[in-house]
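The chain contents come next:
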Amino acid sequence: MATLLLPSHAASHCRVVFPGGSRHPLAPTDLLGGAPRAAANRWPRPIAVACRAATRAKEAPSAGPPPQALAKEAHKYFDHAVISVRAGDGGHGAVLNMPPGPSTDAAPKSRGGGKVDKSKGKKGSGKKVSYKRNYDGSVSLPLGGHGGDVVLYADEAEESLLGFHSKARHCAKRGGNVGANGAMTSRMHNGSAGETLGIPVPVGTVVRRKKGSVLADLAHPGDEVLVARGGQGGISLIDAPDYKRGKAMALSPNVMRDVTDKVLTHGQPGEEISLELILRVVADVGLVGLPNAGKSTLLSAITLARPDIADYPFTTLMPNLGRLGGDPTLGALQFNSGATLADLPGLIEGAHLGKGLGRNFLRHLRRTRVIVHVVDAAADDPVNDYKIVREELRMYNPKYLERPYVVVLNKIDLPKAQDRLSSLAFEISSLGSEECHDKNFNKEISNENFSGHHVSAGNDKELGDYPRPQAVIGASVLRHIGIDEMLKEIRTALAKCSNGMLLQP
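Described below are features of the structure shown in this document. Along each chain, residue indices are assigned from 1 in the same order as the chain's sequence is written. Residues qualify for local features only when their pLDDT is at least 70, as the model is predicted, and side-chain atom pairs are given and counted only at 80 or more; totals for whole chains, interfaces and linings, by contrast, use all residues. Water and hydrogen atoms play no part in the side-chain values, which are based on all heavy atoms of the structure.

Secondary structure elements are defined from DSSP: runs of H or I of at least 4 residues count as helices, runs of E of at least 2 residues count as strands, and each element is numbered from the N terminus. The helix and strand tally for the protein chain stands at 13 helices and 19 strands. Residue burial in the protein chain is summarised as follows: out of 505 residues, 42% are buried. We call two residues in contact when some of their heavy atoms are within 4.5 Å. Sequence-distant contacts, at least 24 apart, represent 76% of the contacts inside the protein chain between residues at least 6 apart. Carbon and sulfur atoms form 52% of the exposed surface of the protein chain, whose accessible area is close to 28200 Å². Only protein chains enter the accessibility calculation, which uses a 1.4 Å probe; a residue is then buried when its area is under 20% of its type maximum, exposed when over 50%, and partly exposed in between. Only the protein chains shown count as cover for residues, and all accessible areas are computed by the Shrake-Rupley method using a 1.4 Å probe.

So, in structure tokens, the structure goes:
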């Protein structure tokens, strides 16, 4: 069979294949059906047509979400992204020609001690060139520049992964070629190395191969990981005729034997890899509860954070972070009670089935050491609301219920909550077993940081089998009632975790 390339009016080519292996010219009018019938009988009929443009379109990576979706539904994309990175290719070497040797003709001598005519001796004479040498005495031939590497590093200025949905491919620069102009001179130099491409990601980003193993967990500012290495630069070869090959071998062992050796001057391609980025918020305390329970109000009352607060459900769509200051009553060299709080979106019954905002954002509880459960004490059934959230946490990751947690009965300034505050506190504090919190939960959580999104299989425990809350506090965040008692219990829980084994994310 034979293949014929036909130019298109755009920029692509169409490949027309004929049976029998013959090659025939084919006019554009024949493809459009305007060729004479005699020409159609003389030429074989094409049996297959493949367009390069169509092939490239099929191989192109799938586009990310449209910009409108990123703006309206940012909570669906802010903590997960898939990108592809490519390191720079190595620069090319060069094929260098042997320099002309000094002339063997003797310089003309003057008779009678007269002056020598230097102009006659200049022609054909050559100066001895000094080259840079290696440790073994051979000439150091220039190399192509190393391709740029790709590095991901944790940057505190980055808040989400939304930018990677609009630009999902990142390429480093290639190395520079050897600029020797085909001649061996004393000014030969290596090609310039490609710049390292640094890609900033939010603190707490887990980098893993797409459908593969975890490469790094960038849990601290400044952490970085090399994800793709640049290609090595090509070497340079000496091109010498047969009668000068021995002299060339004395200069350097990199002597070109035939034309096929030119492939050694080509730089190696850089690595290319597809990565999956998963953001897990770095926080010490996680605030959970039903929508409109007062989590965002609590965060704004005890920290400098200013999250969106409204009287409708699901006001919080993405986790909000706030910094809790240290306890001023503690002396020097004491436990540092400062902590980072994360306000998570509200959970509802059936979140594991995708209701509401779902439960994928619960991955941000992975790094927390203490959980604060905010319950609306003025709701119709606060105890049932408490059980709903606990059940959703258990179905997502049972280890969450083994961590120290504090229950805050919010909105106790309302008359409906004041009448039943004591009974609610007693009933909630009695739910669960009297066992102490597992001292080894930090080890288990650190192992889970490199696992899937949730661990719910193989769990036979019920809600009553998990430890009871460390404390149940009545408070009114809006009226600033019970804030000091709540902060005291949170700091006590953090101190217990610190005295044991701190979680290493």
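This part takes up the pairing of strand E16 (residues 339-343). The buried count for E16 comes to five of five residues, which makes it a mostly enclosed element. On E16, burial covers both faces: Ala-339, Leu-341 and Asp-343 on one face and Thr-340 and Ala-342 on the other are all buried. DSSP calls a pair of strands paired once it identifies at least 2 bridges connecting them. Pairing analysis gives three bridges linking strand E14 (residues 285-288) to E16, with the strands arranged parallel. The residue bridging Gly-286 from the neighbouring strand is Ala-342, located in E16. The sheet contact formed by strand E15 (residues 320-324) and E16 spans five bridges and is antiparallel. By the bridge assignment for E16, Leu-321 is matched with Ala-342.

Now for the packing of helix H9 (residues 382-396) against helix H11 (residues 421-429). To get an axis, a line is fitted to the C-alpha atoms, and for a helix only the part in contact is used. The angle between two axes follows their N-to-C directions and goes from 0 to 180 degrees. Where H9 meets H11, the closest approach of the two axes is 10 Å, and the angle between their N-to-C directions is 30°. Regarding the angle of H9 to H11, the classification is roughly parallel. The way H9 lies across H11 gives a crossing that is right-handed. Packed against H9, whose contacting residues are Pro-382, Val-383 and Tyr-386, the element H11 presents Leu-424, Glu-427 and Ile-428 at the interface. For this scheme, ten residues count as nonpolar: Ala, Val, Leu, Ile, Met, Phe, Trp, Tyr, Cys and Pro. Four count as charged, namely Asp, Glu, Lys and Arg, and the remainder, Gly too, count as polar. Tallied by class, the residues present in the contact of H9 with H11 amount to five nonpolar, no polar and one charged. Each angle receives one of four descriptions, namely roughly parallel if under 35 degrees, roughly antiparallel if over 145, roughly perpendicular if within 65 to 115, and oblique otherwise. Two helices cross in a left-handed way if the nearer one is turned anticlockwise from the farther one by less than a right angle. They cross in a right-handed way if the turn is clockwise.

Attention now goes to the side chain of Thr-368. As for its position among the elements, Thr-368 is in the loop between E16 and strand E17 (370-376). A 3.5 Å cut-off defines polar contacts: any pair of N or O atoms within that distance qualifies, except that in protein one atom must be a possible hydrogen donor and the other a possible acceptor, and neighbouring residues in sequence count only when both atoms are side-chain atoms. One polar contact links the side chain of Thr-368 to the main-chain carbonyl oxygen of Leu-365, over a distance of 2.7 Å.

Let us now look at the sheet that holds strand E11 (residues 224-228). If you walk across this open sheet you meet the three strands as E8-E6-E11, and the pairing is mixed. Every other strand in the sheet has two partners, leaving strand E8 (197-202) and E11 as the edge strands with one partner each. Direction aside, neighbouring strands of the sheet carry axes that sit 30° apart on average. In terms of strand pairing, strand E6 (residues 150-155) meets E11 through four bridges, oriented antiparallel. The partner of Tyr-153 across the bridge, within E11, is Glu-224.

Our next topic: the layout of surface pockets. The volume enclosed by the largest pocket comes to roughly 560 Å³. Throughout, the protein atoms alone are placed on a 1 Å grid, and a set of points is a cavity if a 1.4 Å probe fits but cannot get out or a pocket if it is open with protein on both sides within 12 Å along at least five of seven lines; lining residues have an atom within 4 Å of a point. If you go around the largest pocket, you meet 16 residues; those closest to its centre are Glu-156, Glu-158, Glu-159, Val-203 and Leu-321. Grid points are joined across faces, edges and corners, and a volume is the space filled by probe spheres set on the points.

Buried Ala, Val, Leu, Ile, Met, Phe, Trp, Tyr and Cys residues form a nonpolar core when they are joined through side-chain atoms within 4.5 Å. Ranked by size, the top nonpolar core spans 28 residues in total, and within it Leu-362 and Leu-393 carry the most contacts. Among the secondary structure elements, those contributing two or more residues to this core are E17, H9, strand E18 (405-410) and H11. Here the element with the most residues in this core is H9; it accounts for six residues. With sequence-adjacent residues up to four places away left out, Leu-362 is seen in contact with Leu-344, Leu-347, Glu-392, Leu-393, Tyr-396 and Tyr-400. Counting 26 residues, the second-largest nonpolar core is a separate cluster that includes Val-372, Val-406, Met-486 and Ile-490.

On to the side chain of Thr-265. Among the structural elements, Thr-265 can be located in the loop between helix H7 (245-251) and strand E13 (272-279). Leaving out residues up to four positions away in the same chain, Thr-265 has contacts with Gly-91, His-92, Gly-93, Ala-94, Val-95, Gly-234, Ile-235 and Leu-237.

Salt bridge, as used here: a side-chain nitrogen of Lys or Arg that lies within 4 Å of a carboxyl oxygen of Asp or Glu. Counted under the stated rule, the structure contains 12 salt bridges. Note that Arg-363 and Asp-79 form a salt bridge whose closest N and O atoms lie 2.6 Å from each other. On the criterion of sequence distance, the pair formed by Arg-363 in the loop between E16 and E17 and Asp-79 in the loop between helix H4 (67-72) and strand E4 (80-86) is long-range, its members being 284 residues apart. Residue Asp-261 is joined to Arg-257 by a salt bridge in which the shortest nitrogen-to-oxygen separation is 3.2 Å. Residue classification places Asp-261 among the buried positions, given a relative accessible area of 8%. By relative accessible area, which is 67% here, Arg-257 ends up exposed. A single salt-bridge network, built from bridges that share partners, covers Arg-86, Asp-89, Arg-169 and Glu-272.

Attention now moves to the environment of Gly-270. For Gly-270, the location among the structural elements is in the loop between H7 and E13. The exposure class of Gly-270 is buried, given its relative accessible area of 10%. Separated by 99 residues in sequence, Gly-270 and Cys-171 have C-alpha atoms that sit 9.6 Å apart. Discounting chain neighbours no more than four positions away, the residues touching Gly-270 are Arg-86, Ala-87, Gly-88, Asp-89, Arg-229, Gly-230 and Gly-231.

Right, let's get into the packing of aromatic side chains. Only centres within 6.5 Å qualify two rings of Phe, Tyr or Trp (six-membered ring in Trp) as a pair; their planes then separate them into stacked at under 30 degrees, edge-to-face at over 60, and tilted for everything else. The tally for this structure, following the rule as stated, stands at one aromatic pair. Relative to Tyr-400, the ring of Tyr-396 has its centre 6.0 Å away and its plane inclined at 25°; by these criteria the two rings are stacked. Comparing Tyr-396 with Tyr-400, the two get one shared label, buried. Here the guanidinium or amino end of Arg-390 rests over the ring plane of Tyr-405, the centre of that ring lying 3.8 Å away. Charge-over-ring placement is defined geometrically: NZ (Lys) or CZ (Arg) within 6 Å of the ring centre, and within 35 degrees of the ring normal.

Turning to the sheet that holds E16, a few remarks are in order. Spatially, the six strands line up as an open sheet ordered E15-E16-E14-E17-E18-E19, and their pairing is mixed. A strand with exactly one partner marks an edge of an open sheet, and here the two such strands are E15 and strand E19 (471-474). The sheet shows a mean angle of 25° between the axes of neighbouring strands, direction not considered. Where helix H8 (residues 295-302) meets the sheet, its contacts fall on E14, E15, E16 and E17, and the angle it forms with E16 comes to roughly 155°.

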